[in-house]
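# A look at the structure
What follows is each chain in one-letter form.
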2 protein chains.
Amino acid sequence: MKKGDATRTTILDRATTLARTVGLEGLTIGQLATALELSKSGLFAHFGSKEALQIAVIEHARDRFVSEVIAPALKVSRGTPRLRALVDRWMKWGEDACVFVQLSAELDDRPGPARDAVAATIRDWMDALATAAKIAVDEGHLRADTDPKQLAFELYGVMLAYHTVGRLLGDPKGAARARRAIDALLARAA
Amino acid sequence: MKKGDATRTTILDRATTLARTVGLEGLTIGQLATALELSKSGLFAHFGSKEALQIAVIEHARDRFVSEVIAPALKVSRGTPRLRALVDRWMKWGEDACVFVQLSAELDDRPGPARDAVAATIRDWMDALATAAKIAVDEGHLRADTDPKQLAFELYGVMLAYHTVGRLLGDPKGAARARRAIDALLARAA
DNA sequence: GCCACAATAGTACGGTCGTTCTATTCGCGC
DNA sequence: GCGCGAATAGAACGACCGTACTATTGTGGC
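So, here is what we can say about the structure in this document. A quick note: this is a predicted structure, and the numbers were derived from the prediction, not measured.

As a further point, take the relation of the copies chain A and chain B. Each copy of the sequence occupies a distinct position, and chain A is placed on chain B by a rotation of 180° and an axial shift of 0.0 Å, giving an RMSD of 0.0 Å. Such a combination of turn and shift is consistent with a two-fold rotation axis. For chain A, the minimum C-alpha distance to the rotation axis belongs to A:G157 and amounts to 2.1 Å. Taken as a fraction of all interface residues of chain A, those also at the interface in chain B reach 100%, which identifies the copy contact as same-surface.

Encoded structure:
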(Lines give C-alpha, C1' and ligand atoms only; values in the text may rest on other atoms or scores of the structure.)
Protein backbone atom coordinates (compact mmCIF):
# COMPACT_ATOMS: atom_id res chain seq x y z
CA MET A 1 0.00 0.00 0.00
CA LYS A 2 3.07 2.25 -0.20
CA LYS A 3 4.30 2.26 -3.75
CA GLY A 4 0.88 3.07 -5.13
CA ASP A 5 0.47 6.22 -3.11
CA ALA A 6 3.96 7.36 -3.99
CA THR A 7 3.42 7.19 -7.74
CA ARG A 8 0.01 8.70 -7.27
CA THR A 9 1.63 11.71 -5.66
CA THR A 10 4.20 11.88 -8.46
CA ILE A 11 1.43 11.79 -11.01
CA LEU A 12 -0.52 14.54 -9.31
CA ASP A 13 2.52 16.75 -8.94
CA ARG A 14 3.25 16.57 -12.62
CA ALA A 15 -0.41 16.90 -13.51
CA THR A 16 -0.70 20.07 -11.46
CA THR A 17 2.29 21.62 -13.17
CA LEU A 18 0.98 20.57 -16.56
CA ALA A 19 -2.51 21.89 -15.84
CA ARG A 20 -1.09 25.33 -15.27
CA THR A 21 -0.27 25.58 -18.97
CA VAL A 22 -2.81 23.36 -20.71
CA GLY A 23 -5.70 23.65 -18.29
CA LEU A 24 -7.62 20.95 -16.53
CA GLU A 25 -9.55 19.85 -19.59
CA GLY A 26 -6.46 20.05 -21.75
CA LEU A 27 -4.83 17.51 -19.47
CA THR A 28 -4.51 14.25 -21.31
CA ILE A 29 -3.94 10.84 -19.83
CA GLY A 30 -1.73 9.82 -22.72
CA GLN A 31 0.52 12.88 -22.52
CA LEU A 32 0.71 12.68 -18.77
CA ALA A 33 1.68 9.00 -18.97
CA THR A 34 4.43 9.51 -21.53
CA ALA A 35 5.73 12.54 -19.62
CA LEU A 36 6.10 10.29 -16.57
CA GLU A 37 7.23 7.26 -18.56
CA LEU A 38 4.25 5.25 -17.43
CA SER A 39 1.78 3.25 -19.44
CA LYS A 40 -1.52 4.94 -20.15
CA SER A 41 -3.49 2.15 -18.53
CA GLY A 42 -1.19 1.97 -15.54
CA LEU A 43 -1.73 5.63 -14.86
CA PHE A 44 -5.43 5.40 -15.56
CA ALA A 45 -5.86 2.62 -13.00
CA HIS A 46 -4.97 5.06 -10.23
CA PHE A 47 -8.05 7.16 -10.85
CA GLY A 48 -10.62 5.21 -12.81
CA SER A 49 -11.84 8.14 -14.86
CA LYS A 50 -10.62 11.41 -16.18
CA GLU A 51 -13.03 13.37 -14.03
CA ALA A 52 -11.68 11.63 -10.94
CA LEU A 53 -8.16 12.55 -12.03
CA GLN A 54 -9.18 16.17 -12.46
CA ILE A 55 -10.71 16.36 -9.02
CA ALA A 56 -7.69 14.64 -7.53
CA VAL A 57 -5.52 17.29 -9.17
CA ILE A 58 -7.59 20.07 -7.65
CA GLU A 59 -7.48 18.54 -4.20
CA HIS A 60 -3.77 17.90 -4.46
CA ALA A 61 -3.15 21.50 -5.49
CA ARG A 62 -5.39 22.68 -2.65
CA ASP A 63 -3.39 20.66 -0.13
CA ARG A 64 -0.13 22.13 -1.35
CA PHE A 65 -1.65 25.59 -1.35
CA VAL A 66 -2.80 25.22 2.24
CA SER A 67 0.45 23.77 3.51
CA GLU A 68 2.75 26.15 1.66
CA VAL A 69 0.83 29.42 1.76
CA ILE A 70 -1.87 29.47 4.38
CA ALA A 71 -0.43 27.31 7.15
CA PRO A 72 2.97 29.06 7.38
CA ALA A 73 1.33 32.47 7.36
CA LEU A 74 -0.89 31.46 10.26
CA LYS A 75 2.22 31.04 12.36
CA VAL A 76 3.11 34.69 11.94
CA SER A 77 1.99 36.94 14.78
CA ARG A 78 -1.65 38.01 14.80
CA GLY A 79 -2.82 41.16 13.08
CA THR A 80 -1.32 43.05 10.18
CA PRO A 81 1.88 40.96 10.04
CA ARG A 82 -0.14 37.81 9.49
CA LEU A 83 -2.27 39.50 6.84
CA ARG A 84 0.85 40.67 5.05
CA ALA A 85 2.34 37.20 5.32
CA LEU A 86 -0.67 35.70 3.57
CA VAL A 87 -0.38 38.13 0.71
CA ASP A 88 3.39 37.84 0.47
CA ARG A 89 3.37 34.07 0.38
CA TRP A 90 0.70 34.06 -2.29
CA MET A 91 2.73 36.36 -4.48
CA LYS A 92 6.10 34.73 -3.95
CA TRP A 93 4.93 31.22 -4.42
CA GLY A 94 3.62 31.35 -7.95
CA GLU A 95 3.68 27.56 -8.36
CA ASP A 96 0.27 26.71 -7.03
CA ALA A 97 -1.37 30.05 -6.52
CA CYS A 98 -1.20 30.35 -10.28
CA VAL A 99 -2.93 27.10 -10.92
CA PHE A 100 -5.94 28.34 -8.99
CA VAL A 101 -6.16 31.50 -11.03
CA GLN A 102 -6.10 29.31 -14.11
CA LEU A 103 -8.68 26.91 -12.68
CA SER A 104 -10.95 29.71 -11.52
CA ALA A 105 -11.17 31.14 -15.00
CA GLU A 106 -11.45 27.77 -16.69
CA LEU A 107 -14.22 26.39 -14.53
CA ASP A 108 -16.24 29.43 -13.55
CA ASP A 109 -18.81 28.72 -16.25
CA ARG A 110 -18.80 24.93 -15.98
CA PRO A 111 -20.89 23.63 -13.08
CA GLY A 112 -19.90 20.32 -11.57
CA PRO A 113 -17.79 18.82 -8.81
CA ALA A 114 -14.57 20.20 -10.25
CA ARG A 115 -15.85 23.74 -10.20
CA ASP A 116 -17.21 23.24 -6.69
CA ALA A 117 -13.84 22.09 -5.46
CA VAL A 118 -12.11 25.12 -6.92
CA ALA A 119 -14.76 27.49 -5.62
CA ALA A 120 -14.43 26.03 -2.13
CA THR A 121 -10.70 26.60 -2.19
CA ILE A 122 -11.00 30.20 -3.32
CA ARG A 123 -13.71 30.79 -0.75
CA ASP A 124 -11.44 29.39 1.97
CA TRP A 125 -8.63 31.57 0.77
CA MET A 126 -10.70 34.75 0.88
CA ASP A 127 -12.03 33.72 4.26
CA ALA A 128 -8.48 33.32 5.52
CA LEU A 129 -7.71 36.83 4.31
CA ALA A 130 -10.87 38.22 5.87
CA THR A 131 -10.27 36.47 9.17
CA ALA A 132 -6.72 37.77 9.34
CA ALA A 133 -8.05 41.25 8.58
CA LYS A 134 -10.66 40.96 11.31
CA ILE A 135 -8.00 39.97 13.80
CA ALA A 136 -5.96 42.97 12.73
CA VAL A 137 -8.96 45.14 13.49
CA ASP A 138 -9.46 43.50 16.88
CA GLU A 139 -5.80 43.97 17.69
CA GLY A 140 -6.07 47.64 16.89
CA HIS A 141 -3.72 47.42 13.90
CA LEU A 142 -6.49 48.51 11.56
CA ARG A 143 -9.26 51.06 12.03
CA ALA A 144 -12.39 49.79 13.75
CA ASP A 145 -14.62 50.73 10.81
CA THR A 146 -12.66 48.50 8.42
CA ASP A 147 -14.80 45.87 6.70
CA PRO A 148 -12.61 42.73 6.76
CA LYS A 149 -14.36 41.06 3.85
CA GLN A 150 -14.15 44.18 1.75
CA LEU A 151 -10.45 44.42 2.47
CA ALA A 152 -9.99 40.76 1.55
CA PHE A 153 -11.82 41.40 -1.71
CA GLU A 154 -9.58 44.32 -2.57
CA LEU A 155 -6.40 42.52 -1.60
CA TYR A 156 -7.30 39.56 -3.76
CA GLY A 157 -7.99 41.91 -6.64
CA VAL A 158 -4.46 43.23 -6.41
CA MET A 159 -3.11 39.68 -6.47
CA LEU A 160 -5.13 38.87 -9.57
CA ALA A 161 -3.93 41.99 -11.35
CA TYR A 162 -0.39 41.09 -10.34
CA HIS A 163 -0.85 37.65 -11.83
CA THR A 164 -2.22 38.94 -15.13
CA VAL A 165 0.31 41.71 -15.55
CA GLY A 166 3.20 39.45 -14.65
CA ARG A 167 2.24 36.28 -16.48
CA LEU A 168 0.38 37.47 -19.53
CA LEU A 169 1.96 40.84 -20.19
CA GLY A 170 5.34 39.90 -18.80
CA ASP A 171 5.68 43.29 -17.17
CA PRO A 172 8.40 43.14 -14.49
CA LYS A 173 6.92 46.18 -12.80
CA GLY A 174 3.94 44.11 -11.71
CA ALA A 175 5.44 43.12 -8.39
CA ALA A 176 6.29 46.70 -7.48
CA ARG A 177 2.81 47.85 -8.49
CA ALA A 178 1.24 45.13 -6.40
CA ARG A 179 3.34 46.05 -3.40
CA ARG A 180 2.38 49.69 -3.72
CA ALA A 181 -1.28 48.77 -4.01
CA ILE A 182 -1.14 46.50 -0.96
CA ASP A 183 0.67 49.15 1.06
CA ALA A 184 -1.92 51.73 0.09
CA LEU A 185 -4.80 49.46 1.06
CA LEU A 186 -3.29 48.68 4.45
CA ALA A 187 -2.26 52.29 5.07
CA ARG A 188 -5.75 53.48 4.29
CA ALA A 189 -7.17 51.00 6.82
CA ALA A 190 -4.55 51.68 9.49
CA MET B 1 -18.53 38.43 -51.16
CA LYS B 2 -21.47 39.12 -48.84
CA LYS B 3 -22.90 35.83 -47.68
CA GLY B 4 -19.53 34.47 -46.71
CA ASP B 5 -18.72 37.31 -44.37
CA ALA B 6 -22.15 37.11 -42.80
CA THR B 7 -21.83 33.46 -41.83
CA ARG B 8 -18.28 34.08 -40.78
CA THR B 9 -19.56 36.64 -38.31
CA THR B 10 -22.26 34.27 -37.13
CA ILE B 11 -19.66 31.59 -36.59
CA LEU B 12 -17.37 33.90 -34.64
CA ASP B 13 -20.20 35.17 -32.48
CA ARG B 14 -21.15 31.67 -31.47
CA ALA B 15 -17.52 30.64 -31.09
CA THR B 16 -16.87 33.54 -28.75
CA THR B 17 -19.80 32.62 -26.55
CA LEU B 18 -18.77 28.99 -26.56
CA ALA B 19 -15.16 29.81 -25.75
CA ARG B 20 -16.25 31.54 -22.59
CA THR B 21 -17.24 28.18 -21.13
CA VAL B 22 -15.00 25.63 -22.86
CA GLY B 23 -11.98 27.78 -23.52
CA LEU B 24 -10.19 28.46 -26.75
CA GLU B 25 -8.52 25.08 -26.95
CA GLY B 26 -11.71 23.32 -25.90
CA LEU B 27 -13.40 24.85 -28.88
CA THR B 28 -14.10 22.13 -31.42
CA ILE B 29 -14.87 22.53 -35.09
CA GLY B 30 -17.32 19.65 -35.02
CA GLN B 31 -19.29 20.94 -32.04
CA LEU B 32 -19.28 24.47 -33.40
CA ALA B 33 -20.57 23.22 -36.75
CA THR B 34 -23.42 21.18 -35.31
CA ALA B 35 -24.34 24.01 -32.95
CA LEU B 36 -24.73 26.26 -36.00
CA GLU B 37 -26.23 23.54 -38.21
CA LEU B 38 -23.37 23.74 -40.64
CA SER B 39 -21.19 21.03 -42.05
CA LYS B 40 -17.82 20.59 -40.45
CA SER B 41 -16.00 21.13 -43.73
CA GLY B 42 -18.13 24.11 -44.67
CA LEU B 43 -17.22 25.83 -41.45
CA PHE B 44 -13.60 24.78 -41.67
CA ALA B 45 -13.27 26.35 -45.12
CA HIS B 46 -13.80 29.78 -43.60
CA PHE B 47 -10.60 29.60 -41.62
CA GLY B 48 -8.30 26.93 -43.02
CA SER B 49 -6.97 25.78 -39.69
CA LYS B 50 -7.97 25.62 -36.09
CA GLU B 51 -5.30 28.06 -35.04
CA ALA B 52 -6.62 30.57 -37.58
CA LEU B 53 -10.09 30.10 -36.16
CA GLN B 54 -8.80 30.72 -32.64
CA ILE B 55 -7.08 33.92 -33.64
CA ALA B 56 -10.16 35.03 -35.55
CA VAL B 57 -12.18 34.47 -32.39
CA ILE B 58 -9.79 36.60 -30.36
CA GLU B 59 -9.84 39.41 -32.90
CA HIS B 60 -13.59 39.25 -33.19
CA ALA B 61 -13.97 39.46 -29.43
CA ARG B 62 -11.50 42.31 -29.35
CA ASP B 63 -13.49 44.24 -31.94
CA ARG B 64 -16.68 43.81 -29.97
CA PHE B 65 -14.90 44.76 -26.79
CA VAL B 66 -13.59 47.95 -28.35
CA SER B 67 -16.87 48.95 -29.93
CA GLU B 68 -19.07 48.14 -26.94
CA VAL B 69 -16.88 49.10 -24.00
CA ILE B 70 -14.03 51.37 -24.96
CA ALA B 71 -15.49 53.44 -27.80
CA PRO B 72 -18.71 54.48 -26.01
CA ALA B 73 -16.79 55.39 -22.90
CA LEU B 74 -14.51 57.64 -24.90
CA LYS B 75 -17.54 59.75 -25.79
CA VAL B 76 -18.14 60.57 -22.14
CA SER B 77 -16.66 63.86 -21.01
CA ARG B 78 -12.96 63.91 -20.20
CA GLY B 79 -11.64 63.18 -16.76
CA THR B 80 -13.13 61.16 -13.96
CA PRO B 81 -16.50 60.64 -15.70
CA ARG B 82 -14.79 58.96 -18.62
CA LEU B 83 -12.67 56.81 -16.30
CA ARG B 84 -15.79 55.74 -14.45
CA ALA B 85 -17.54 55.01 -17.73
CA LEU B 86 -14.76 52.65 -18.76
CA VAL B 87 -15.01 50.74 -15.53
CA ASP B 88 -18.81 50.71 -15.50
CA ARG B 89 -19.11 49.44 -19.04
CA TRP B 90 -16.60 46.70 -18.36
CA MET B 91 -18.56 45.50 -15.36
CA LYS B 92 -22.01 45.76 -16.87
CA TRP B 93 -21.16 44.13 -20.11
CA GLY B 94 -20.02 40.74 -18.94
CA GLU B 95 -20.42 39.17 -22.38
CA ASP B 96 -17.01 39.87 -23.82
CA ALA B 97 -15.08 41.28 -20.93
CA CYS B 98 -15.46 37.82 -19.43
CA VAL B 99 -14.03 36.06 -22.40
CA PHE B 100 -10.84 38.03 -22.02
CA VAL B 101 -10.47 37.08 -18.39
CA GLN B 102 -10.88 33.47 -19.50
CA LEU B 103 -8.42 33.87 -22.37
CA SER B 104 -5.87 35.68 -20.22
CA ALA B 105 -5.73 32.80 -17.78
CA GLU B 106 -5.82 30.13 -20.46
CA LEU B 107 -3.06 31.53 -22.61
CA ASP B 108 -0.76 33.24 -20.15
CA ASP B 109 1.58 30.26 -20.12
CA ARG B 110 1.29 29.34 -23.80
CA PRO B 111 3.43 31.51 -26.07
CA GLY B 112 2.26 31.99 -29.63
CA PRO B 113 0.19 34.30 -31.79
CA ALA B 114 -3.00 33.61 -29.83
CA ARG B 115 -1.41 34.68 -26.59
CA ASP B 116 0.11 37.72 -28.27
CA ALA B 117 -3.29 38.81 -29.54
CA VAL B 118 -4.85 38.50 -26.09
CA ALA B 119 -1.93 40.25 -24.42
CA ALA B 120 -2.18 43.13 -26.90
CA THR B 121 -5.86 43.55 -26.11
CA ILE B 122 -5.32 43.58 -22.36
CA ARG B 123 -2.44 45.99 -22.78
CA ASP B 124 -4.65 48.30 -24.85
CA TRP B 125 -7.34 48.07 -22.23
CA MET B 126 -5.01 49.00 -19.38
CA ASP B 127 -3.57 51.78 -21.53
CA ALA B 128 -7.08 53.11 -22.08
CA LEU B 129 -7.62 53.14 -18.33
CA ALA B 130 -4.27 54.79 -17.70
CA THR B 131 -4.83 57.42 -20.37
CA ALA B 132 -8.24 58.28 -18.98
CA ALA B 133 -6.68 58.55 -15.54
CA LYS B 134 -3.94 60.81 -16.84
CA ILE B 135 -6.53 63.09 -18.42
CA ALA B 136 -8.39 63.16 -15.11
CA VAL B 137 -5.18 64.34 -13.48
CA ASP B 138 -4.63 66.98 -16.14
CA GLU B 139 -8.19 68.20 -15.73
CA GLY B 140 -7.66 68.57 -12.02
CA HIS B 141 -10.18 65.86 -11.15
CA LEU B 142 -7.48 63.78 -9.52
CA ARG B 143 -4.49 64.80 -7.45
CA ALA B 144 -1.39 65.79 -9.36
CA ASP B 145 0.73 63.12 -7.68
CA THR B 146 -1.52 60.31 -8.90
CA ASP B 147 0.29 57.67 -10.95
CA PRO B 148 -2.13 56.92 -13.82
CA LYS B 149 -0.68 53.48 -14.58
CA GLN B 150 -0.76 52.50 -10.95
CA LEU B 151 -4.38 53.56 -10.73
CA ALA B 152 -5.19 51.58 -13.88
CA PHE B 153 -3.51 48.54 -12.33
CA GLU B 154 -5.55 48.83 -9.17
CA LEU B 155 -8.81 49.44 -11.00
CA TYR B 156 -8.27 46.39 -13.16
CA GLY B 157 -7.57 44.35 -10.06
CA VAL B 158 -10.96 45.26 -8.69
CA MET B 159 -12.60 44.19 -11.94
CA LEU B 160 -10.82 40.85 -11.83
CA ALA B 161 -11.87 40.24 -8.25
CA TYR B 162 -15.41 41.19 -9.22
CA HIS B 163 -15.31 38.68 -12.02
CA THR B 164 -14.04 35.85 -9.83
CA VAL B 165 -16.37 36.52 -6.94
CA GLY B 166 -19.38 36.90 -9.17
CA ARG B 167 -18.77 34.10 -11.67
CA LEU B 168 -17.01 31.43 -9.69
CA LEU B 169 -18.34 31.99 -6.20
CA GLY B 170 -21.72 33.29 -7.33
CA ASP B 171 -21.67 35.92 -4.62
CA PRO B 172 -24.24 38.62 -5.47
CA LYS B 173 -22.42 41.05 -3.20
CA GLY B 174 -19.55 41.19 -5.67
CA ALA B 175 -20.94 44.15 -7.57
CA ALA B 176 -21.43 46.20 -4.43
CA ARG B 177 -17.94 45.32 -3.23
CA ALA B 178 -16.47 46.32 -6.56
CA ARG B 179 -18.32 49.62 -6.53
CA ARG B 180 -17.09 50.39 -3.03
CA ALA B 181 -13.54 49.52 -4.02
CA ILE B 182 -13.68 51.71 -7.12
CA ASP B 183 -15.15 54.60 -5.15
CA ALA B 184 -12.43 54.29 -2.56
CA LEU B 185 -9.69 54.27 -5.18
CA LEU B 186 -11.05 57.35 -6.90
CA ALA B 187 -11.75 59.15 -3.62
CA ARG B 188 -8.23 58.50 -2.46
CA ALA B 189 -6.87 60.02 -5.68
CA ALA B 190 -9.26 62.98 -5.75
C1' DG C 1 -30.88 33.56 -67.92
C1' DC C 2 -26.31 32.09 -67.91
C1' DC C 3 -21.92 31.54 -65.99
C1' DA C 4 -17.94 31.89 -63.18
C1' DC C 5 -16.87 31.59 -58.84
C1' DA C 6 -17.91 31.82 -53.89
C1' DA C 7 -19.99 29.08 -50.40
C1' DT C 8 -21.25 24.89 -48.48
C1' DA C 9 -21.71 19.75 -48.17
C1' DG C 10 -19.92 14.92 -48.33
C1' DT C 11 -16.58 11.59 -47.45
C1' DA C 12 -12.44 9.74 -45.96
C1' DC C 13 -8.00 9.41 -43.35
C1' DG C 14 -4.61 9.12 -39.70
C1' DG C 15 -4.23 10.26 -34.94
C1' DT C 16 -5.45 10.66 -30.28
C1' DC C 17 -8.86 10.65 -26.88
C1' DG C 18 -11.00 7.95 -22.59
C1' DT C 19 -11.97 3.46 -21.33
C1' DT C 20 -12.02 -1.71 -20.92
C1' DC C 21 -10.13 -6.20 -20.59
C1' DT C 22 -6.48 -9.26 -19.87
C1' DA C 23 -1.75 -10.26 -18.83
C1' DT C 24 2.41 -9.49 -16.42
C1' DT C 25 5.46 -7.88 -12.82
C1' DC C 26 6.33 -6.29 -8.25
C1' DG C 27 6.37 -6.03 -3.03
C1' DC C 28 5.17 -7.57 1.32
C1' DG C 29 3.19 -10.84 5.19
C1' DC C 30 3.68 -15.33 6.55
C1' DG D 1 11.08 -17.94 -0.34
C1' DC D 2 6.41 -18.45 -1.49
C1' DG D 3 2.11 -16.89 -2.58
C1' DC D 4 -1.23 -13.46 -3.06
C1' DG D 5 -2.86 -9.12 -3.92
C1' DA D 6 -1.45 -4.65 -5.42
C1' DA D 7 0.66 -2.19 -9.14
C1' DT D 8 1.70 -1.70 -13.81
C1' DA D 9 1.77 -2.93 -18.79
C1' DG D 10 -0.26 -4.23 -23.38
C1' DA D 11 -3.61 -4.40 -26.83
C1' DA D 12 -7.94 -3.18 -28.52
C1' DC D 13 -12.43 -0.51 -28.82
C1' DG D 14 -15.43 3.21 -30.57
C1' DA D 15 -15.65 8.12 -30.73
C1' DC D 16 -14.17 12.33 -32.13
C1' DC D 17 -10.46 15.32 -33.42
C1' DG D 18 -8.27 18.42 -37.39
C1' DT D 19 -7.57 18.31 -42.08
C1' DA D 20 -7.59 17.10 -47.16
C1' DC D 21 -9.89 16.15 -51.16
C1' DT D 22 -14.00 16.21 -54.27
C1' DA D 23 -18.77 17.29 -55.32
C1' DT D 24 -22.71 20.06 -55.04
C1' DT D 25 -25.28 24.14 -54.30
C1' DG D 26 -26.03 29.02 -54.25
C1' DT D 27 -25.42 33.79 -56.09
C1' DG D 28 -24.13 38.27 -58.24
C1' DG D 29 -22.46 40.54 -62.77
C1' DC D 30 -23.36 40.63 -67.46
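Another point: the protein's contact with DNA strand C. Near DNA strand C lie 20 residues; those nearest to it are A:T28, A:K50, B:S39, B:S41 and B:H46. The protein-proximal atoms of DNA strand C, defined as those within 4 Å of the protein, are 58% sugar or phosphate. At 3.0 Å, a backbone N or O of A:I29 approaches a phosphate oxygen of DNA strand C. Of all the elements in the fold, those that place two or more residues in the surface near DNA strand C are α2 (29-36) and α3 (40-44) of chain A together with α1 (3-22) and α3 (40-44) of chain B. For the surface near DNA strand C, the residue count by class is 6 nonpolar, 11 polar and 3 charged.

This part is about the packing of aromatic side chains. Considering all chains together, one arrives at 8 aromatic pairs over all chains under this definition. Centroid distance A:F65 to A:W93: 5.9 Å. Interplanar angle 20°. Geometry classified as stacked. Of this pair, A:F65 sits in helix α4 (residues 50-74) while A:W93 is found in the loop between α5 (80-92) and α6 (94-107), placing the two residues 28 residues apart along the sequence. Under the relative-accessibility criterion, A:F65 is labelled buried at 3%. Its relative accessible area of 14% is what places A:W93 among the buried residues. Consider the rings of B:F65 and B:F100, whose centres lie 5.7 Å apart with planes at 50°: the pair is tilted. Of the two residues, B:F65 is situated in helix α4 (residues 50-74) and B:F100 in helix α6 (residues 94-107); the sequence distance between them amounts to 35 residues. On the basis of relative accessibility, which here comes to 3%, the residue B:F100 falls in the buried class.

Turning next to the pattern of salt bridges. According to the stated counting rule, one finds 26 salt bridges over all chains in the structure shown. A salt bridge links A:E106 to A:R110; its shortest N-O distance comes to 3.3 Å. Notably, a salt bridge pairs A:D145 with A:R143, separated by 2.9 Å at the nearest N-O pair. Here A:D145 falls in the exposed class, since its relative accessible area comes to 55%. Among the charged side chains, a salt-bridge network with shared partners connects A:R20, A:R167 and B:D109.

Attention now moves to the protein's contact with DNA strand D. Taken together, 20 residues lie around DNA strand D, and A:S39, A:S41, A:H46, B:T28 and B:K50 are the ones closest in. Considering the 4 Å shell around the protein, atoms of DNA strand D inside it are sugar or phosphate in 59% of instances. One nitrogen or oxygen atom from the side chain of A:T7 is found 3.2 Å from a phosphate oxygen belonging to DNA strand D. Within the side chain of B:K40, a nitrogen or oxygen atom sits 3.1 Å from a base nitrogen of DNA strand D. Of all the secondary-structure elements, those providing two or more residues to the surface near DNA strand D are α1 (3-22) and α3 of chain A together with α2 (29-36) and α3 of chain B. The residue makeup of the surface near DNA strand D, split by class, is 6 nonpolar, 11 polar and 3 charged.

Residues and elements named next belong to chain B. For the pair helix α8 (residues 148-168) and helix α9 (residues 174-189), interaxial distance at closest approach is 9 Å and the crossing angle is 170°. Our classification of the angle between α8 and α9 gives roughly antiparallel. Contacts between α8 and α9 pair L151, E154, L155, V158, Y162 and V165 from the former with G174, A175, A178, A181, I182, L185, L186 and R188 from the latter. Considered class by class, the residues forming the contact of α8 with α9 number 11 nonpolar, 1 polar and 2 charged.

Moving on, we get to helix α5 (residues 80-92) of chain B. Residue and element names in this part refer to chain B. The end-to-end C-alpha distance of α5, which contains 13 residues, comes to 18 Å, matching closely the 18 Å that a straight helix rising 1.5 Å per residue would cover. Of all the positions in α5, only T80, R82, L83, A85, L86, V87, W90 and M91 are classed as buried. The elements touched by buried residues of α5 are α4, α6, α7 (113-138), α8 and α9.

Facing 41 residues of chain A, the contacting portion of chain B comprises 41 residues. Summed over both sides, the interface of chain A with chain B buries roughly 3,700 Å², with 60% coming from carbon and sulfur. On the chain A side of the contact with chain B, A:F153, A:L168 and A:R177 bury the most area, a combined 20% of that side's loss. The residue B:R167 makes a salt bridge to A:D109 at a minimum N-O spacing of 3.1 Å. For the interface between chain A and chain B, the tally reads 12 residue pairs in polar contact (both at pLDDT 80 or more).

The rules behind the values
- Residues numbered from 1 in each chain as written.
- Chains lettered and ligands numbered in written order.
- Predicted model: local features only at pLDDT ≥ 70, side-chain atom pairs only at ≥ 80, totals over all residues.
- Heavy atoms only, no water.
- Least-squares fit on C-alpha atoms with pLDDT ≥ 70 in both.
- Contact = heavy atoms within 4.5 Å.
- Near = heavy atom within 4 Å.
- Polar contact = N/O pair within 3.5 Å; in protein donor to acceptor, adjacent residues only side chain to side chain.
- Helix = DSSP H or I, 4+ residues; strand = E, 2+ residues; numbered from the N terminus.
- Nonpolar A, V, L, I, M, F, W, Y, C, P; charged D, E, K, R; others polar.
- Phe/Tyr/Trp six-rings, centres within 6.5 Å; stacked < 30°, edge-to-face > 60°.
- Buried < 20%, exposed > 50% of the residue type's maximum accessible area, 1.4 Å probe, protein only.
- Salt bridge = Lys/Arg side-chain N within 4 Å of Asp/Glu carboxyl O.
- Axes fitted to C-alpha atoms, helices over the stretch in contact; angles between N-to-C directions.
- Parallel < 35°, antiparallel > 145°, perpendicular 65-115°, else oblique.
- Expected span 1.5 Å × (residues − 1).
- Buried area = accessible area lost by both parts, 1.4 Å probe.

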